[in-house]
Every structure is written in structure tokens, then in C-alpha cells.
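An overview of the molecular structure
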Amino acid sequence: MDKRVVITGGCGFIGSHVAISHRLSGDYVTIIDNMSTSGDIPTRVDDVIDLDLSQSTKGVGDVIQRADIVYHFASSVGVKHVDKDPKGSLRNSFNINNNLFPIFDRYNTRVIFASTSEVYGNTSEAKETDTLQIGSPEVLRWGYACGKLMSEFLLRSHNTRSTTIRFFNVTGRGQVSTHGMVLPTFIERALKGEDLFVYGSGQQYRTFCDVRDAVMMLRSILTDDHIDEIYNIGNSHNTITMLELANLVVSLTNSSSRVTLRDYAKDFSDDHGEIFERRPNTDKIDNICKATHTIEDIIISML
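Since this is a predicted model, take the numbers as computed values, not measurements. (Residues numbered from 1 in each chain as written. Predicted model: local features only at pLDDT ≥ 70, side-chain atom pairs only at ≥ 80, totals over all residues. Heavy atoms only, no water.)

**Section: unusual backbone geometry**
- Residue asparagine 169 is not a glycine yet carries a positive backbone phi of 45 degrees.
- By the secondary structure assignment, asparagine 169 is in the loop between β7 (161–167) and β8 (170–171).
- Looking at asparagine 169, the relative accessible area reads 25%, which means it is partly exposed.
- Positive phi, normally seen in glycine, also occurs at aspartate 228, with a value near 70 degrees.
- For aspartate 228, the position within the fold is in the loop between α7 (211–219) and β12 (230–233).
- Take aspartate 228: its relative accessible area is 41%, and that puts it in the partly exposed class. (Helix = DSSP H or I, 4+ residues; strand = E, 2+ residues; numbered from the N terminus. Buried < 20%, exposed > 50% of the residue type's maximum accessible area, 1.4 Å probe, protein only.)

**Here's the deal with the nonpolar core**
- Counting residues in hydrophobic clusters, the biggest one holds 31 residues, and the most contacted among them are Tyr71, Phe73, Ile165, Phe167, Leu218 and Ile233.
- Elements with a contribution of two residues or more to this core: β1 (4–8), α1 (13–24), β2 (28–33), β4 (69–72), β5 (110–116), β7, α7 and β12.
- What phenylalanine 167 contacts, discounting residues up to four positions off in sequence, is Ile14, Phe73, Ala114, Ser115, Thr116, Ser117, Leu218 and Ile233. (Core = buried A, V, L, I, M, F, W, Y, C linked by side-chain atoms within 4.5 Å. Contact = heavy atoms within 4.5 Å.)

**Re the packing of aromatic side chains**
- Scanning the model with the defined rule gives 5 aromatic pairs in all.
- Between the aromatic rings of phenylalanine 73 and phenylalanine 167, the centroid separation amounts to 6.0 Å while the plane-to-plane angle is 65 degrees, which identifies the pairing as edge-to-face. You can see phenylalanine 73 sitting in the loop between β4 and α3 (79–84) and its partner phenylalanine 167 sitting in strand β7, a full 94 residues away along the chain. As far as burial versus exposure is concerned, phenylalanine 73 and phenylalanine 167 are alike and both buried.
- If you follow arginine 262 out to its NZ or CZ, it ends over the ring of phenylalanine 197, 4.3 Å from the centre.
- One cation-aromatic arrangement involves lysine 284 over tyrosine 231; the distance from NZ or CZ to the ring centre is 4.8 Å. (Phe/Tyr/Trp six-rings, centres within 6.5 Å; stacked < 30°, edge-to-face > 60°. Lys NZ or Arg CZ within 6 Å of the ring centre and 35° of its normal.)

**Observations regarding the pattern of salt bridges**
- Across all of its chains, the model carries 12 salt bridges by this definition.
- Here aspartate 27 and lysine 3 are joined by a salt bridge, their closest N and O atoms 3.9 Å apart. Separated by 24 residues along the polypeptide, aspartate 27 in the loop between α1 and β2 and lysine 3 in the segment before β1 bring together distant segments of the chain.
- Among the salt bridges present, the one from aspartate 46 reaches arginine 23, with a minimum N-O distance of 2.9 Å. Of this pair, aspartate 46 sits in the loop between β2 and β3 (47–50) while arginine 23 sits in helix α1, and the two are 23 residues apart along the sequence.
- Given the relative accessible area of 28%, aspartate 46 is considered partly exposed.
- A single network of salt bridges, built from pairs that share partners, joins Arg110, Arg161 and Asp224. (Salt bridge = Lys/Arg side-chain N within 4 Å of Asp/Glu carboxyl O.)

**Overview of the sheet that holds β4**
- Across the sheet, which stays open at both edges, the 7 strands sit in the order β3-β2-β1-β4-β5-β7-β12 with parallel pairing between neighbours. In the strand order of this sheet, the two ends are held by β3 and β12, each with one partner. For this sheet the average axis-to-axis angle between neighbouring strands, irrespective of direction, equals 20 degrees.
- Sheet topology note: the β4/β5 ladder contains 3 bridges and is parallel. Considered in β5, the bridge of tyrosine 71 is made with isoleucine 112. (Pairing = 2+ DSSP bridges. Axes fitted to C-alpha atoms, helices over the stretch in contact; angles between N-to-C directions.)

**Details of the environment of arginine 66**
- Among the structural elements, arginine 66 can be located in helix α2 (residues 60–66).
- The spatial distance from the C-alpha of arginine 66 to the C-alpha of arginine 4 is 7.1 Å, given a sequence separation of 62 residues.

**What to know about helix α10 (residues 295–302)**
- Here α10 has its buried residues at Ile295, Ile298, Ile299, Ser301 and Met302. For α10, the angular spread of buried residues about the axis comes to 160 degrees, placing them on one side.
- Elements in contact with the buried residues of α10: β8, α6 (182–192), β11 (209–210), α7, β13 (239–241) and α8 (242–252). (Arc of directions from axis to C-beta.)

Rendered as C-alpha cells:
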């Protein structure tokens, strides 16, 4: 085996793709996951530890101590999940990091920490050096961004050999609609011939990144010269409005579905809020590894 790799939250969408990529490279892969918001256990993985890291880290220190690299993805995920239980989501993520960061520090662990593009707020060209925007606590949605940003500071304070990544709408084969992810939701409904609901005006836009590209980017920043760096992980070329995305899905699936505008209040609480524009500046990661898959590529891979 080349390296010992640990992935917290490794049964989740991105984590499972990272796990399989490393295992195919001959690395020994251990996943730590409580399975609460995860899919199936990835194939070709060496060890899976079923553990709620927000409650206990029993035995985790031994695994971390032997690891060459830890991807820390464990967190509450999904717009609908966070909207449904903001208090539980915030407490869960805080407790996980409060429990794990001292262990990373103790063993001088090489860590890739998954933050979020939510820390940028509404911005059309989010760059790693930007002044970040956290909205009012009157809208609890911003608690997720605030918690992730606080974790970035906390990780730095522990003097850990870490790299922080901020994901921008990573999607692709294997992502499910359960937690409100937009593209698998659209595709699932289109394949059934059901209406596709686009919230608000439909003119809010996002930039989507194929998970295959995201994994390549992550694999490209594992060396020590990327320690203490922050990277946007995304594809700045795949920017599209939600209305355009819904119509594209209908077209590529040859679906009879209608695209219907829908009020947020029908499915989300007042604490949901909305981000109307978010597009990453990916110049920094592009200098190392560039995304290549188009939105059409992504949709086709998910059919």
C-alpha cells in the first residue's frame, strides 16, 4: 500500500468518490462515518468505522495517528437538512470539529478540511482572499456558513498541517436528491415525467463542478507545499441559472416534464434565505489542476 488514507464522512457523496479513487491507486482507505446522511459504503474500501464523531472519538486517535492523510468531510449536509434542523446541524458540526481538531494537532496530521462556498455569501466572483460575508442571525441559514468559517479559524489555531477547501456545487454520478441537492432532484423528476420546481424567479445562478474533476483537484493538493492554503474547488465555466438548468435537464432526458416556478415558502422555512449569485474564481486551483467536464457531461453521467 502507498498511503494510509482516512476519510471522515467517507460514505457521503464526495467522500465515497475520494475513497474509491485512493483505493484504486493502491492506498489503504479507512472511512469514519455515522451513516446518518450517507449513501452506500463505497466498494473496495479497506475499513469502515461506524461512529458518531459528534458524540465520541473512542479509538479514532489510533487510526488518525497512523494516517498519512485525513480528508475531514464529516458534517451536516444538504440545504433541506440544515433548514429542517438548524440547531441540530450546527451542534453536530461544532462538536465533530471540537472533538477531532485536538487529535489532528496531537499527531501532526496532514488534513484536507472541507469548508463551504457559503462563507462567501452572495458574490459573483468568489476568491479565496475575499472579505467574507455572513448574513444576519435573523436568518438561521447563515449559521451553517458561520460554523464552517469558525472551524477554519479553529483549525488554523491548532497549528495543524492543513489545507482548507471550499466546494462550489460539486455534483455528478451517485449524488442523490434526499437532502435537497438540485441537479439529482431535477433529473429524478424529469425521468418520472413530473414537474420540475424552480424556486423564486429562477434567475439565481450557480456554478457546477463534476465530482470527477473535484477528486482530481483534491488529489493534486496533498503535498506539503499546499499546507495553510485555501482553495476553491469548482468549475468557473459551468455557470447557469436554475431555470436554464431545469430546461437543460428536460431536454437531455427527452422528458415530458414541465418546468414550474414555485414560491420558496411552499417548501422552506423563513430561515432558509437564498443565495442569488455565486460563482467561484478558480484561478488558484486552475494553476494546479483544471476542471474539464461541462454541465452536459455531468447530467449525462447521472442518467
